[in-house]
Amino acid sequence: MAIPSDYDYDWDKEVKEFEATKGGVKGLVDSGITKIPRFFIYPSSDNLTKNPSLCKNGHIQLKIPVIDLQGIESGSGGRRGIVEEIKNAAQDWGFFQIVNHGVPVSILDAILETTRNFHEQPKEARMDLYSSDNRHKVRVFTINGSFQETHVASWRDALACTFIDDTLDPEAIPLICRKEITDYMEYMIKVRETISELLSEALGLSSDYLAQINCVKSEYLTCLYYPPCPEPELALGTINHSDSTFLTMVVQDSSGGLQVLYQNHWVDVPPIPGALVVNIGDLMQLITNDKFKSVEHRVLARPVGSRVSAVCFFFPSSECLLKQYGPIKELLSEKDPPLYKSVSNLEYMAYYQKNVRECTSALPHFKL
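This structure is a prediction, so every number in the text was calculated from the model and none was measured.

(A) Seen up close, the packing of helix α3 (residues 77-92) against helix α5 (residues 178-202). With their axes 9 Å apart at the nearest point, α3 and α5 run at an angle of 80° to one another. Between α3 and α5, the angle falls in the class roughly perpendicular. Listed contacts from α5 to Arg79, Ile82, Val83, Ile86, Lys87 and Ala90 of α3 are Glu197, Leu198, Leu199, Glu201 and Ala202. A breakdown of the residues in the contact of α3 with α5 according to their chemical character gives seven nonpolar, no polar and four charged.

Have a look at this one:
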């Protein structure tokens, strides 16, 4: 379907009017719209609903790796096998799911339920937190940061909480979801320690290597709500992108819609009860000198029903936000020279937020 053309279209006016409502896409749906604003229309909209993976008729069906963490006790043979699985998944896919990770199903269910409850409150209960300014530690947004006429917005609303050095004043979190978010983050920090060790070992480094360089010591949690879209063939729940941080962990509900780009095919990341989705971020690809891969992914818009997920991005400690991160020296050799220049988290994020909507990743800009 072609994007409509109208010489009288005022992009700036439409965006400002949308932001002024402070209701997000949930507010648009509640208002009964049948046509979506143009800044949500994805340019390749005629390809959005095609089968994402290889056809079943005579072809191999692609599947995201699922890794069972049971048996990771240090020194066990089981741990070596798990490290090898994670190494292969991080190198080949950049995405994998983990089970038996230590987070109770009740905690996962609670963060998903509270995400839905928060976003399905009356608009008035969310408006005071609505802001596109990412300097706010707790905020609600649809459009995040810099947004230009060439950009496309995602058909979803977000509640974002920033935990610097694993810490955020609980009083800053809305009461309706304070306990659930606080409990969930305690477990995210524990799982981070485990995954950090396993990724370090998968690189042939000491298990505490990534912890020692403080690259995953802070968290940015986004509780995402995807309402139904009246024109799902024109939009995306989350636009194609790679993650700008070092590491991401996601819990998703049973709705589906998350897809990863693998060998030029969009592959579904199927919901698995009790599982966490883990993916490598751009800066992890940079410091591993392409040993691990940060890959493009997206969430499809849906015609009926809503989807919720909680996405935890890991980034450096406060002391290391300006630290220059470059390819890890222990991974370099004459045959494997550095592929990237060093960059700080803040510098990378600034470039990413300004340019990612055109290029999906900022990594090429930092290539040597």
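Still more to cover.
(B) Molecular detail of the packing of helix α4 (residues 105-119) against α5. Here α4 crosses α5 at 140°, and the two axes come no closer than 9 Å. It follows that α4 is oblique to α5 by the angle criterion. Relative to α5, α4 is oriented so that their crossing is left-handed. Mapping the contact onto sequence places Ile107, Leu108, Ala110, Ile111 and Thr114 in α4 and Glu180, Ile181, Asp183, Tyr184 and Tyr187 in α5. Looking at the contact of α4 with α5 residue by residue, the classes come out as seven nonpolar, one polar and two charged.

(C) Examining the sheet that holds strand β7 (residues 247-252) more closely. Across the sheet, eight strands lie side by side as β1-β2-β10-β7-β12-β5-β4-β3; this open sheet has mixed pairing. Two strands close off the open sheet at either side, each with one partner strand: β1 (66-68) and β3 (138-141). In this sheet, neighbouring strand axes are inclined to one another by 25° on average, regardless of whether the strands run parallel or antiparallel. One ladder, built from four bridges, connects β7 with strand β10 (residues 276-280); its direction is antiparallel. Considered in β10, the bridge of Val250 is made with Val277. Sheet contacts for α3: β1, β2 (95-99) and β10; angle to β1, the most-contacted strand, approximately 160°. In this fold α4 packs onto β3, β4 (157-163), β5 (218-226), β7, β10 and β12 (307-315), with an angle of close to 110° to the strand it touches most, β12.

(D) Main features of the side chain of Thr248. By the secondary structure assignment, Thr248 is in strand β7. Accessibility expressed as a relative area gives 0% for Thr248, which makes it buried. In terms of polar contacts, Thr248 uses its side chain to reach the side chain of Asp243, at 2.7 Å. Every residue in contact with Thr248, bar those within four places of it in the chain, is listed here: Asp243, Val277, Val278, Asn279, Val311, Cys312 and Phe313.

(E) Molecular detail of the sheet that holds strand β9 (residues 265-268). Here four strands make up an open sheet; going across it, the order is β6-β11-β8-β9 and the pairing antiparallel. Pairing within the sheet leaves two strands with one partner each, and these edge strands are β6 (236-241) and β9. The mean inter-strand angle of the sheet, taken between neighbouring strand axes irrespective of direction, is 30°. Bridge analysis of strand β8 (residues 258-262) against β9 gives four bridges, and the strand direction is antiparallel.

(F) The arrangement of the pattern of salt bridges in detail. Within this structure, the stated rule accounts for 16 salt bridges. Across the pair Asp166 and Arg192 runs a salt bridge, and its minimum N-O distance is 2.7 Å. You can see Asp166 sitting in the loop between β4 and α5 and its partner Arg192 sitting in helix α5, a full 26 residues away along the chain. Exposure class is identical for Asp166 and Arg192. Each is buried. In this structure, a network of salt bridges that share partners links the residues Asp166, Arg192, Glu193, Lys217 and Glu219.

Conventions we followed
Residues numbered from 1 in each chain as written. Predicted model: local features only at pLDDT ≥ 70, side-chain atom pairs only at ≥ 80, totals over all residues. Heavy atoms only, no water. Axes fitted to C-alpha atoms, helices over the stretch in contact; angles between N-to-C directions. Helix = DSSP H or I, 4+ residues; strand = E, 2+ residues; numbered from the N terminus. Parallel < 35°, antiparallel > 145°, perpendicular 65-115°, else oblique. Contact = heavy atoms within 4.5 Å. Nonpolar A, V, L, I, M, F, W, Y, C, P; charged D, E, K, R; others polar. Left-handed = near helix turned anticlockwise from the far one by under 90°. Pairing = 2+ DSSP bridges. Buried < 20%, exposed > 50% of the residue type's maximum accessible area, 1.4 Å probe, protein only. Polar contact = N/O pair within 3.5 Å; in protein donor to acceptor, adjacent residues only side chain to side chain. Salt bridge = Lys/Arg side-chain N within 4 Å of Asp/Glu carboxyl O.

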